[in-house]
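Report on the structure
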Amino acid sequence: MVLPDLAVLRFGVYDENGKLLGQRILPLDGLQAGYRHISLRTEANFPMALPMLFCNIELKIYVPDGLGGILLLSSSCTSTPYHQLAAIVEC
């Protein structure tokens, strides 16, 4: 991911005909690990009264082969969000 501050995760719930029943778009930098209730919204992004997803969120770092040096460079600076995410994953 090149710009993690701009990355989002979209949950979409569809019926068997492919019609969108509900959705939720969340920024990745706001996600926390653990079990979460995620309330759904309409296609126009209006809140829905009852529909929710119950999810277990796990945060992990994936580093492709050959790019491990970049992670080491970014984690050496303690003010970067990469260092904070690495600390969360190691616990």
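Described in the following lines is the structure provided in the data block. (Residues numbered from 1 in each chain as written. Predicted model: local features only at pLDDT ≥ 70, side-chain atom pairs only at ≥ 80, totals over all residues. Heavy atoms only, no water.)

Looking now at the overall build of the protein. Of the regular secondary structure elements, the protein holds 2 helices and 4 strands. For the protein, the sequential pattern of α-helices and β-strands runs β-β-β-β-α-α. For the protein, buried positions account for 16% of its 91 residues. Across the protein, the fraction of contacts at a sequence separation of at least 24, relative to all contacts at a separation of at least 6, is 23%. Summed over its atoms, the accessible surface of the protein is roughly 7200 Å², and 61% of this surface lies on carbon and sulfur atoms. (Helix = DSSP H or I, 4+ residues; strand = E, 2+ residues; numbered from the N terminus. Buried < 20%, exposed > 50% of the residue type's maximum accessible area, 1.4 Å probe, protein only. Contact = heavy atoms within 4.5 Å. Areas by Shrake-Rupley, 256 points an atom, 1.4 Å probe, with all protein chains shown as cover.)

In the Ramachandran plot, Asn 45 falls in the positive-phi region, its phi being about 70° despite a non-glycine side chain. Within the secondary structure, Asn 45 sits in the loop between β3 (34–41) and β4 (47–57). Classification of Asn 45 as partly exposed rests on a relative accessible area of 44%.

Turning next to the packing of aromatic side chains. If you walk through the whole model with that rule in mind, you get 1 aromatic pair. Pairing Tyr 35 with Phe 54 gives two aromatic rings, centres 5.6 Å apart and planes at 15°, and the pair type is stacked. With Tyr 35 in strand β3 and Phe 54 in strand β4, this pair connects stretches of sequence that are 19 residues apart. When sorted by exposure, Tyr 35 lands in the same class as Phe 54, which is exposed. (Phe/Tyr/Trp six-rings, centres within 6.5 Å; stacked < 30°, edge-to-face > 60°.)

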